Amino acid sequence: MKEFSSETLKTMQSAVSLQTEQSLKTDFYYQRELPENLKSLETIAWNYFWSWETGGADIFRELEPTLWEKCEQNPRLLLKKIKQLRLWQKSTDFDYVEKVKRFAEKLENYLSQQPISAGRASADNPIAYFCAEYGVHNSLPNYSGGLGILAGDHLKSASDLNIPLVAVGLLYRYGYFRQKIAHDGWQEERYLDVFDSELALKPVTGENGERILVSVHIRGREVFAQGWLAEIGRIKLYLLDTNLPQNSDVDRLITGHLYGGDTETRIVQEKVLGIGGVRFLRKLNYQPSVFHLNEGHSAFLTLELAREFLQTNESADFNEAINAVREQCVFTTHTPVEAGNDVFPIEKLSACFSSDFVESLKISPEEFFALGRTNPDDEKEGFGMTPLALRMTRSANGVSEKHGEVSRDLWLKMFPEGTENEDVPITHITNGVHAPTWIAPLLKTIYEKHIGARWTEILRDEPAWREAIERIPDAEIWNAHLVLKQILVAFIRNKTFSKETGTQHTINEREDTGKLFDANVLTIGFARRVAAYKRWNLLMTDLERLLKLVDDSERPVQFVFAGKAHPQDRVGKQLLQNLMSINHDSNWQNRAVFIEDYDQEVARYLVQGVDVWMNVPRRPLEASGTSGQKSAMNGGLNFSILDGWWIEGYNETNGFSIGELNVGDDQDAIDAEDAESLYQVLENEIVPAFYEKDENGLPANWIRRMKDALATLTPQFSSDRMVKDYLEKIYR
Ligand SMILES: *Cc1c(COP(=O)(O)O)cnc(C)c1O
């Protein structure tokens with residue numbers, strides 16, 4: 001019999017008596033009445049801290065496991081849908097009540113710390129972080145891919161490091177699309193409504209309870225936006241949306257789709273984000289010391305800051321305003337290709353900016369348009385958000401060392417003739433990922449046991465971390481990995497065929513999913529956007545050679561794929577269809593699987609369970625890449641082209657490289673060489689190393705590599721390291 005604190009017993013007894021005092025809640029906050037001793041479930045559900053802290057997700061899963069999956073791990077939805085009976089039953093489960101209580105205390109303690117002061121940033125003058133998307137958790141479907149996940153991880157690390165930071169973004173009514181693969185292998189898209197009453201978002205209101213609104217201009221009218229607050233640990237994230245009765249139907253949809261809509265919609269979206277975002281922060285009395293433009297989408301905010309400056313400094317001119325704005329703003333670029341940057345036609349842009357706004361900047365329309373051109377004198381050039389950002393910020397950076405160099409080349413043309421690459425003022429901060437979000441709970445338990453509850457702090461100290469990892473017994477690491485692989489296999493079988501939901505999926509339609517995948521087989525994961533440069537087809541270059549690996553009776557290989565093609569990308573969809581249609585008289589059917597609807601949840605199962613994480617981008621187009629970092633943190637071995645982060649991470653034992661570091665210009669020749677290298681490394685290095693066992697039945701060599709990956713890559717590519725770098729090298 002377990003012992004409980006007298007306090008717990010007291011709250012249990014009071015579960016009933018206080019119920020009558022429960023006041024009627026407004027519709028917005030409607031959910032089941034919680035028994036008194038489970039009331040803190042609501043507090044926990046309102047802060048995304050639960051999504052990464054050990055034990056957080058378990059609390060909701062344990063409440064009602066099937067419903068939890070049905071609600072797609074959304075605590076607010078769960079608390080809305082759960083049966084009253086179940087709640088009362090759990091209120092008598094002493095273990096459970098104690099667990100909830102402890103987690104609520106952990107959250108309270110976490111939130112009670114005061115932010116540190118660092119350089120210019122302090123609680124009164126925080127860093128204001130702007131991004132068009134945030135991938136915090138699946139239950140806030142407000143991201144499309146890498147950029148959003150990176151922004152989410154940035155906020156979580158800023159929270160853990162207790163850095164004064166406030167974040168601004170947009171709330172998309174229909175989020176990003178959900179992917180379904182039709183029977184012919186063609187990708188189909190669905191957009192689901194996002195109901196604010198089901199998200200952990202609070203309406204932002206003023207002193208009298210009225211919604212705080214801001215507006216931006218388009219074609220002679222004002223578009224209003226309201227704000228929502230999401231709490232990411234200690235960090236406040238404000239999301240703006242235009243779905244308001246004050247707006248016309250068209251304008252209500254401006255924040256409808258992430259990266260959707262026509263050019264004007266995009267311009268106004270970016271105005272709401274940049275200009276509306278600054279106005280919103282001002283209404284909340286924020287005086288940020290630094291504005292961080294994470295990608296160019298928010299670059300209009302620099303114009304709003306200039307307008308503010310000129311309003312308070314009546315005798316100043318625009319050049320003085322630029323200097324004042326630059327002093328406050330920093331910019332991170334994420335795209336290694338010109339086409340990846342927003343460029344708006346001048347006539348569309350001018351329809352979205354009133355002449356009053358331009359006049360308030362004390363410049364002519366031509367001077368205004370020139371701000372967004374690489375060559376200010378070229379009237380044929382459109383208005384680019386990256387040139388604007390580069391002009392208006394004091395610091396610019398790419399997201400890996402290589403990407404810094406590539407970005408300097410790309411924007412060299414904005415600088416005087418004769419400028420060399422190394423003179424272009426664009427530096428780099430390599431991306432990282434949030435360890436507590438991406439490391440499997442089982443591995444966290446092992447870290448807690450061997451390293452201690454403060455393992456996330458040790459993780460910030462590379463030598464100490466390496467030593468700690470070395471101390472963990474090989475067998476323990478390996479057994480944990482095998483369990484995680486079993487979980488992955490079970491997840492794959494669930495996803496591919498489910499009698500319960502009646503879903504069947506093209507290549508995954510199998511009579512018997514019990515034969516699908518095998519946890520003893522070398523498992524390779526490949527999940528990423530389906531974009532041409534990611535070379536989804538490289539693996540299939542020589543199908544016969546590939547199937548020989550898959551069919552090997554002693555040392556087979558199996559593959560798990562996932563990824564979305566952009567809705568308008570027919571070439572990408574064709575690539576997917578080709579993959580789905582590999583129908584061969586071989587073991588391929590049981591050893592290759594495509595998981596639909598790649599998202600954070602799918603990503604977690606994959607990066608936590610595979611042996612090898614493959615990445616074959618066209619150089620140098622992987623600005624950084626982060627999924628491989630997530631896999632490395634779980635002991636997965638990267639098997640990748642030397643591009644983006646992997647150039648910095650690879651040390652010959654902590655993973656595998658494909659092809660050469662430097663290649664020529666003949667893309668067909670490079671593809672052929674890389675494919676050859678891919679097969680050779682698989683056949684001659686990966687497969688033998690994985691299946692080689694020592695006298696204890698352990699793949700000692702493989703485990704040595706896993707530990708090396710855990711030891712070297714976890715600290716170097718954690719978002720704690722990244723955010724600290726931003727603090728020390730960029731924000732100050
Ligand atoms: C991490 C992640 C990404 C970004 O990974 P890349 O390596 O840049 O492709 C994209 N989508 C999801 C769902 C992720 O979890």
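Rules used in this analysis
- Residues numbered from 1 in each chain as written.
- Predicted model: local features only at pLDDT ≥ 70, side-chain atom pairs only at ≥ 80, totals over all residues.
- Heavy atoms only, no water.
- Near = heavy atom within 4 Å.
- Polar contact = N/O pair within 3.5 Å; in protein donor to acceptor, adjacent residues only side chain to side chain.
- Areas by Shrake-Rupley, 256 points an atom, 1.4 Å probe, with all protein chains shown as cover.
- Helix = DSSP H or I, 4+ residues; strand = E, 2+ residues; numbered from the N terminus.
- Nonpolar A, V, L, I, M, F, W, Y, C, P; charged D, E, K, R; others polar.
- Core = buried A, V, L, I, M, F, W, Y, C linked by side-chain atoms within 4.5 Å.
- Buried < 20%, exposed > 50% of the residue type's maximum accessible area, 1.4 Å probe, protein only.
- Domains from an automatic or database assignment.
- Pairing = 2+ DSSP bridges.
- Right-handed = clockwise from strand over helix to strand, strands pointing away.
- Contact = heavy atoms within 4.5 Å.
- Salt bridge = Lys/Arg side-chain N within 4 Å of Asp/Glu carboxyl O.
- Expected span 1.5 Å × (residues − 1).
- 1 Å grid on protein atoms, 1.4 Å probe; cavity = no way out; pocket = protein on both sides within 12 Å on 5 of 7 lines; lining within 4 Å.
- Points joined across faces, edges and corners; volume = space filled by probe spheres on them.
- Axes fitted to C-alpha atoms, helices over the stretch in contact; angles between N-to-C directions.
- Patch = residues over 30% accessible without salt bridge, like charges linked within 9 Å, V, L, I, M, F, W, Y side chains within 5 Å.
- Phe/Tyr/Trp six-rings, centres within 6.5 Å; stacked < 30°, edge-to-face > 60°.
- Lys NZ or Arg CZ within 6 Å of the ring centre and 35° of its normal.

### Here's the deal with the site of the ligand
Near the ligand, the surroundings consist of 14 residues, among which Asp599, Ala603, Thr626, Ser627 and Lys630 are the closest. Within the contact set of the ligand, an oxygen atom lies 3.5 Å away from a side-chain nitrogen or oxygen of Lys534. Within the backbone of Thr626, an N or O atom sits 3.1 Å from an oxygen atom of the ligand. Isolated, the ligand exposes 390 Å² of accessible area, and the fraction of that covered by the protein chains is 91%. Those elements that provide at least two residues to the shell around the ligand are α8 (146-160), α26 (600-609) and α27 (627-632). The residue inventory of the shell around the ligand, partitioned by class, reads four nonpolar, six polar and four charged.

### Quick look at the nonpolar core
Judged by nonpolar contacts, the single largest core of 98 residues is most densely connected at Tyr447, Phe561, Trp588, Phe639, Leu678 and Trp702. Of all the elements, helix α29 (residues 667-691) adds the most residues to this core, at 10 residues. Both of domain 2 (127-431) and domain 3 (435-716) provide at least three residues apiece to this core. Listed in part, the 70 residues of the second largest apolar core include Val204, Leu371, Leu388 and Ile426.

### Some points on the pairing of strand β2 (residues 165-170)
Within β2, six of the six residues are buried, which leaves the element mostly enclosed by the surrounding structure. Residue alternation in β2 divides its side chains into two sets, Leu165, Ala167 and Gly169 and Val166, Val168 and Leu170, and both sets are buried. In this structure, strand β1 (residues 127-130) lies alongside β2, joined through four bridges in parallel fashion. Among the inter-strand pairings, Ile127 is bridged to a residue of β2, identified as Leu165. Taking the sense of rotation as the criterion, the β-α-β connection linking β1, α8 and β2 turns out right-handed. As paired strands, β2 and strand β8 (residues 235-241) are joined by five bridges and run parallel to one another.

### Things to note about the side chain of Thr430
With respect to the helices and strands, Thr430 occurs in the loop between β14 (427-428) and α18 (435-438). A distance of 2.6 Å separates a polar atom in the side chain of Thr430 from a polar atom in the side chain of Glu648. With near-sequence residues (within four places) excluded, Thr430 lies in contact with Val399, Ser400, Glu401, Trp645, Glu648, Phe717, Arg721 and Met722.

### Side note on the pairing of strand β7 (residues 221-232)
Consecutive residues of a regular strand have side chains that alternate between opposite faces of the sheet. Of the strand pairs in this sheet, strand β5 (residues 202-203) and β7 are connected by two bridges, and their pairing is antiparallel. Note that in β7 the partner of Pro203 across the bridge is Trp228. Bridge analysis of strand β6 (residues 213-218) against β7 gives six bridges, and the strand direction is antiparallel. Across the sheet, residue Ile218 finds its bridge partner in β7, namely Arg221. Taken together, β6 and the strand that follows it, β7, pair antiparallel across an intervening segment of two residues, in which Arg219 is found at a positive phi of about 40°. Following β7, the chain reverses through two residues before pairing antiparallel with β8; Gly233 in that reversal takes a positive phi of roughly 60°.

### Quick word on the pattern of salt bridges
Counted by the stated rule, this structure contains 44 salt bridges. Two residues, Glu476 and Lys449, come together in a salt bridge whose shortest N-O distance is 2.8 Å. With Glu476 in helix α22 (residues 474-496) and Lys449 in helix α19 (residues 441-450), this pair connects stretches of sequence that are 27 residues apart. What makes Glu476 partly exposed here is its relative accessible area of 22%. Asp674 serves as the salt-bridge partner of Arg619, at 3.0 Å between the closest nitrogen and oxygen. Of the two residues, Arg619 is situated in the loop between β20 (612-615) and α27 and Asp674 in helix α29; the sequence distance between them amounts to 55 residues. A single burial state applies to Arg619 and to Asp674, both of which are buried. Beyond isolated ion pairs, a larger network of salt bridges with shared partners links Arg535, Arg618, Arg619, Asp671 and Asp674.

### Some remarks on helix α7 (residues 94-111)
In a regular helix each residue adds 1.5 Å, so 18 residues correspond to 26 Å; α7 covers 26 Å between its end C-alpha atoms and thus fits that length. Along α7, the positions that sit buried rather than exposed are Tyr96, Val97, Glu98, Val100, Phe103, Ala104, Leu107 and Tyr110. One side-chain oxygen of the residue at the start of α7 lies 3.2 Å from the amide nitrogen of Asp95, identifying that residue as Asp93.

### Looking at the layout of surface pockets
One number sums up the size of the second largest pocket: a volume of about 750 Å³. Lining the second largest pocket are 29 residues, with Glu53, Tyr110, Ala453, Thr456 and Glu457 sitting closest to its centre. When grouped by side-chain class, the residues that make up the lining of the second largest pocket number 10 nonpolar, nine polar and 10 charged.

### Some words on the sheet that holds strand β21 (residues 637-641)
Within the open sheet, the six strands sit side by side as β19-β18-β17-β20-β21-β22. Their pairing is parallel. Of all the strands in the sheet, just β19 (592-595) and β22 (655-658) have a single pairing partner and so form its edges. In this sheet, neighbouring strand axes are inclined to one another by 20° on average, regardless of whether the strands run parallel or antiparallel. As paired strands, β20 and β21 are joined by four bridges and run parallel to one another. By the bridge assignment for β21, Trp613 is matched with Asn638. Those strands touched by α22 are β17 (522-527), β18 (557-562) and β19, and its axis lies near 70° from that of β19.

### Considering a nonpolar patch on the surface
Taken together, Leu442, Val483 and Ile487 make up a surface patch of nonpolar side chains, about 210 Å² in accessible area. By secondary structure assignment, the location of Leu442 is in helix α19.

### Some details on the packing of aromatic side chains
According to the stated counting rule, one finds 37 aromatic pairs in the structure shown. Taking the centre distance of 5.1 Å and the plane angle of 75° together, the rings of Tyr447 and Trp465 count as edge-to-face. Here the residue Tyr447 occupies a position in helix α19, and Trp465 occupies one in helix α21 (residues 462-471), the gap between them amounting to 18 residues. As far as the burial class goes, Tyr447 and Trp465 line up, both buried. Here the aromatic cluster, defined as three or more aromatic residues joined through ring pairs, consists of Phe300, Phe353, Phe357, Phe368, Phe369 and Phe383. A cation over a ring is seen here: Lys564 above Phe177, with NZ or CZ 5.1 Å from the ring centre. Between Arg604 and the ring centre of Trp438, over which it is positioned, the NZ or CZ distance is 5.5 Å.

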